[in-house]
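# Notes for the structure review
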Number of protein chains: 2
Amino acid sequence: MKVAVLGATGLVGQEMIKVLEERNFPVTELIPLASGKSAGKLIDFRGAQIEVREVSREAFQGVDIALFSAGADVSEKWAPIAASCGAVVIDNSSAWRMNPKVPLVIPEVNPSDAMHHRGIIANPNCATIQAVVALAPLHRRFCLEYFSAVTFQSVSGTGKEALTELDDSIRSNLEGKPFKPEVYPLPIGFNVLPHIGPMDESGVSEEEWKMLHESRKILHHHRLQVSCTTVRVPVRRGHSEAIVAQFGEHITLEEAYAILSEAPGVEVMTGNNYITPLQAAGSDLVYVGRIRYDMGMPRALSMWVVSDNLRKGAALNAVQIAELVSSKADV
Amino acid sequence: MKVAVLGATGLVGQEMIKVLEERNFPVTELIPLASGKSAGKLIDFRGAQIEVREVSREAFQGVDIALFSAGADVSEKWAPIAASCGAVVIDNSSAWRMNPKVPLVIPEVNPSDAMHHRGIIANPNCATIQAVVALAPLHRRFCLEYFSAVTFQSVSGTGKEALTELDDSIRSNLEGKPFKPEVYPLPIGFNVLPHIGPMDESGVSEEEWKMLHESRKILHHHRLQVSCTTVRVPVRRGHSEAIVAQFGEHITLEEAYAILSEAPGVEVMTGNNYITPLQAAGSDLVYVGRIRYDMGMPRALSMWVVSDNLRKGAALNAVQIAELVSSKADV
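Residues numbered from 1 in each chain as written. Chains lettered and ligands numbered in written order. Predicted model: local features only at pLDDT ≥ 70, side-chain atom pairs only at ≥ 80, totals over all residues. Heavy atoms only, no water.

## Here we look at the UniProt feature "active site" (unreviewed entry) in chain A
Residue and element names in this part refer to chain A. Within this structure's numbering, the places UniProt gives as "active site" (unreviewed entry) are Cys 126 and His 239. A maximum C-alpha distance of 8.2 Å places the annotated residues, which cover 114 residues in sequence, within one compact spot. Relative to the assigned elements, Cys 126 resides in helix 3 (residues 126–142). Residue contacts for Cys 126: discarding those within four places in its chain leaves Gln 153, Glu 207, His 239, Asn 309 and Gly 313. Structurally, His 239 can be placed in strand 11 (residues 239–247). (UniProt positions renumbered as here; feature names shortened; annotations may be inferred. Helix = DSSP H or I, 4+ residues; strand = E, 2+ residues; numbered from the N terminus. Contact = heavy atoms within 4.5 Å.)

Here it is as structure tokens:
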């Protein structure tokens, strides 16, 4: 299959290319694309170096799968063009996620939605993916009514420049020097920022709305209620979430363990065990730990959910969707 | 008044001495006390240097107020001794907080409880104080039924050695060297740890139980329901909390702003404004920002609450209790 990656020089784009290689995706030709600014850079793939080309209509000719990770504006413009050239676009931006004609897919959760695409399939937001991977199997048996998620999101979700800003901010602080942030509104080193994406007049941030709307769409569960506060923390890679999930029926810890231990993509940690983002970085799994009966809410479990935001939260999920679509093509 | 400070060389003890000086507490003699290990060290107070003495029964003779911040074991042993010497002990450890004969006091919330002491008054846990300072004024008007709190707690809550470990852990990481933590179970630099205090067989940590039990006791509200996950973050000073508070009646944002703008010890931030721990460090206030109607819960507000854990979360609250007790003595 001819595979284009738009945004090939970004953190997620690079991870997409790495995942394609690791999972032996049947790539006959890889076409790394980016803005004019990054054209000419070299990308490693299967031991060869491939030159990044500037995105254009011509670049999508004959492409089977186009993995997009270049921001919403770029996606809005180029996804319809790539699709009209016959490619299946798997888009990691927020541009198409809530479009009713575009499936929003987590392969472990709603694979069949991917089959009804019209050329564009959306990859959910990183923070939503790991919450829904953990909650969906429990929802199927016990009917999720409500969940609250407070997130601890790493800076790699923002991009390369945020990783640099984190280190700069930390070094300045250690040296007692003032620091003027450019990526974030305030210094992120030795700090936490409850502010991911713009906040609207209701006081809710874009990242918080995504948790609500994307979860409902992926689970086909439009009465699901969600509370959410999303927070950036000085971690490089790996998002963590403190989740309280309330179900229609009482669920025991043993039932939760049993369901999650068979859930694809999940590693359940029993008892008081948990994992931290520093440990989860580079892994493909969604780790669910510290599962306990919630102290304050009936029929509810508390849990601590960690996953690598660049892998399952972005690149891996996109490549898994590509696998779904291509396996259908084989059939 | 003759004032003893037990744990005078610790982070909170030093802050207590600083607060006594800043607030012009009527100290006629300051007696800094500590374990034998720290005896002989010098403490600055009002331009003089005072030698730290080893704690002993004799040290409490004639003492009016004894501020304790030396851990639960030390408190269990020495608080009754100090009280039997006639001192009023204001204890920052967890040793006496849930003892029904010991008042647990936040001066802005339940000052009258302090008047019924039998020689020992307990200072609540840092994470609880800031949540309750923010919620109590709203509770009085709208009856708080439930709240969930997910905390982002700074390492200074653990003590001096944790501040050193944070810096060491960060420096090792920046230099690409391995790091073996001693204070925390895992590296805290570039990481978050959902683990404050031991967890029991129910999976709940000590810090999480404190949020429930201390809130109920301070508010005299034993049907209050609380969900809580407490998390350590790589921040030096200042705790942050993502809170969802559900009330018996509907409460508007305008009502919340009006109540909180008159609440003692609170700075309310309207609209989408918020403060971060790096900004709140060194301040005496509890900052309440990002107040919004919760997305997923009826009659509920979401908010972001930040305060300096060593000031209002510990030393300041203790000295305010001392002020309460001493003003009563004047009457």
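Now that the structure has been shown, the text picks up again.
## A look at the pairing of strand 3 (residues 42–45) of chain A
All names here are of chain A. Going residue by residue along strand 3, you find Ile 43 and Phe 45 tucked away on one face and Leu 42 and Asp 44 left uncovered on the opposite face. Bridging between strand 3 and strand 4 (residues 48–51) involves four bridges; their strand directions are antiparallel. The partner of Leu 42 across the bridge, within strand 4, is Glu 51. Taking the residues that link successive antiparallel strands as the turn, the strand 3-strand 4 hairpin has two residues, and the phi of Arg 46 there is positive, at about 50 degrees. (Buried < 20%, exposed > 50% of the residue type's maximum accessible area, 1.4 Å probe, protein only. Pairing = 2+ DSSP bridges.)

## A short note on the interface of chain A and chain B
Chain A puts 56 residues into the contact, and the matching count from chain B is 56 residues. Considering only the side of chain A, the residues that lose the most area to chain B are Phe 190, Arg 290 and Met 295 of chain A, jointly responsible for 16% of the buried surface there. Between the two partners, chain A and chain B, sit four salt bridges. Arg 292 of chain B serves as the salt-bridge partner of Glu 208 of chain A, at 3.8 Å between the closest nitrogen and oxygen. Sorting the residues of the side of chain A that touches chain B by element identifies strand 9 (144–153), helix 4 (160–174), helix 5 (206–219), strand 10 (225–232), strand 11, helix 7 (277–280) and strand 13 (286–293) of chain A as the ones contributing at least two each. With seven residues, the top contributor of residues to the side of chain A that touches chain B is strand 10 of chain A. (Buried area = accessible area lost by both parts, 1.4 Å probe. Salt bridge = Lys/Arg side-chain N within 4 Å of Asp/Glu carboxyl O.)

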